[in-house]
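Residues per chain are reported as follows:
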Amino acid sequence: MSEIRSIGVIGLGAMGAGIAQLAVEAGYDTIGREVSVDLGEAAAGRIGGFLTRKVEKGKLEQADRDAAVARLRVTDDLSDLAGCDLVVEAIVEALEPKQELFAELERLCRPDAILATNTSALSVTEIAAATTRPERVVGMHFFNPAPLMPLVEVVQAELTSPETVDAAAAVGEKLGKVVVRCFDTPGFVVNRVLIPLLNDCIRVLDEARVTPEALDAAMRNGAGWPMGPCTLVDLVGIDVHVHASEALYEKLREPRMAPPPRIVAMKNAGLLGRKSGRGFYSYD
Ligand code: 3HC
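Each chain carries its own residue numbering, running from 1 in the written order of its sequence. Owing to the predicted nature of the model, reporting of local features is limited to residues with pLDDT of at least 70; listing and counting of side-chain atom pairs is limited to 80 or more, with chain, interface and lining totals taken over all residues. Where side-chain values are given, they derive from all heavy atoms of the structure, hydrogens and water being excluded.

**What about a nonpolar patch on the surface?**
Phase 1 of the analysis: Among the surface-exposed residues, Val178, Val180 and Val189 lie close enough to one another that they form a single nonpolar patch of about 210 Å² accessible area.
Phase 2 of the analysis: Structurally, Val189 is set in the loop between strand 8 (178-183) and helix 7 (190-207).
Phase 3 of the analysis: For every residue, the accessible area (1.4 Å probe, protein chains only) is compared with the maximum for its type, and the residue is labelled buried under 20%, exposed over 50%, or partly exposed between those bounds. Note on Val189: relative accessible area 40%, which makes it partly exposed. Candidates for patches are residues over 30% relative accessible area with no salt bridge; among them, like charges are joined within 9 Å and nonpolar side chains (Val, Leu, Ile, Met, Phe, Trp, Tyr) within 5 Å. Here the accessible surface of atoms and residues is derived via Shrake-Rupley with a 1.4 Å probe, and residues count as covered only by protein chains that are part of the display. We count a salt bridge whenever a side-chain nitrogen from Lys or Arg sits within 4 Å of a carboxyl oxygen from Asp or Glu. Secondary structure elements are defined from DSSP: runs of H or I of at least 4 residues count as helices, runs of E of at least 2 residues count as strands, and each element is numbered from the N terminus.

See below:
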């Protein structure tokens, strides 16, 4: 495989848009795919806004900002990604839609294209199994907010080739990330540790009878967390956290992995955190 020059990103929600932002800032021609052009353009607008803010803060030159924005194209047509060297999937966290998408990407993309998933808790191996070229499928797991969090986990599934892992790691480095390579185990490295820890935090709310504000203050000031656990789960999304917990519990059967009833009830009530305007906290 020659050098990766163009990147397709599928799904321009918080994670996909963050990945697309990183890609254009690093100089890749980037095509973002959303289910409608309106949603795609809204995401492009948010990316442009974050880059403008970087200019205002003196972290980016105006000309570099404009060049980065010009590298981004959005579409609602998956076949527009046919020429991409690397496609990163960041759609809904469910196995079946991801498998359908990878099977479709295999039909559309060049045989040497790399197909990456940003899944947080599903098996990369199971996603890759939907294709006949699992050696070209790899995990690239970014952290929220992707433009700010330095890590990307590059996940080697059962049949991923070492060349594919190397190529994904090289892209991660070009995006300015710290790359940690790992194998395809439930939760990979960070979520295997972080998800049960956040679930413990949520259980402590009731056990120690503290407010979200108090718990967040405790973990920030007593454990040095940059952001309290309730603020963090609101940022990640209550639904995303519940889903990741359920997926890990299903695989590992460790009680700490299971989402606490309190947060499942929040999800069922539509309190999804920042994105819905209300979670542990309220947002304007
Ligand atoms: N793109 C670009 N800029 C962004 C952004 C984005 N997507 N989102 C926010 N920003 C900008 C904001 O515009 C803000 O600037 P402004 O207020 O001046 O406009 C700025 O970033 C915030 O920058 P700060 O220098 O103030 O950053 P902080 O020092 O407050 O750090 C943080 C922010 C890096 C998010 C820090 O609070 C942190 O590390 N929090 C923990 C986050 C974390 O743990 N994430 C992992 C979640 S788990 C996960 O993602 C796994 C998944 O599988 C579920």
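So that's the structure; there's more coming.
**Some points on helix 10 (residues 238-252)**
Phase 1 of the analysis: To estimate the expected span of a helix, subtract one from its residue number and multiply by 1.5 Å. Taking 1.5 Å as the rise per residue, helix 10 with 15 residues should run 21 Å; its terminal C-alpha atoms sit 21 Å apart, in good agreement.
Phase 2 of the analysis: Every buried residue of helix 10 is listed here: Ile238, His241, Val242, Ala244, Ser245, Ala247 and Leu248.
Phase 3 of the analysis: Note on contacts: a residue pair is in contact if any heavy atoms of the two residues lie within 4.5 Å. Looking at the packing, one finds that the buried side of helix 10 touches helix 7, helix 9 (229-236) and helix 11 (261-268).
Phase 4 of the analysis: Looking at the residues trailing helix 10, positive phi occurs at Arg253, about 60 degrees.

**Focus: the site of the ligand**
Phase 1 of the analysis: Neighbouring residues are identified by heavy atoms, a residue being near a molecule or strand if any of them is within 4 Å of it. Contacts to the ligand come from 18 residues, most closely from Arg53, Lys57, Ser120, His141 and Asn144.
Phase 2 of the analysis: Two N or O atoms form a polar contact when they lie within 3.5 Å of each other; inside protein one atom must be a possible hydrogen donor and the other a possible acceptor, and for residues adjacent in sequence the pair counts only when both atoms belong to side chains. Separating an oxygen atom of the ligand from a side-chain N or O atom of Lys57 is a distance of 2.8 Å.
Phase 3 of the analysis: Side-chain polar atom of Asn191 to an oxygen atom of the ligand: 2.9 Å apart, as the coordinates give it.
Phase 4 of the analysis: Starting from 1100 Å² of accessible surface for the ligand in isolation, the protein chains cover 66%.
Phase 5 of the analysis: Counting residues per element, the ones that place at least two in the shell around the ligand are helix 2 (37-56), helix 7 and helix 9.
Phase 6 of the analysis: For the domains described, the bounds stem from an automatic or database domain assignment. Taken together, domain 1 (6-183) and domain 2 (193-274) each give at least three residues to the shell around the ligand, which thus spans both.

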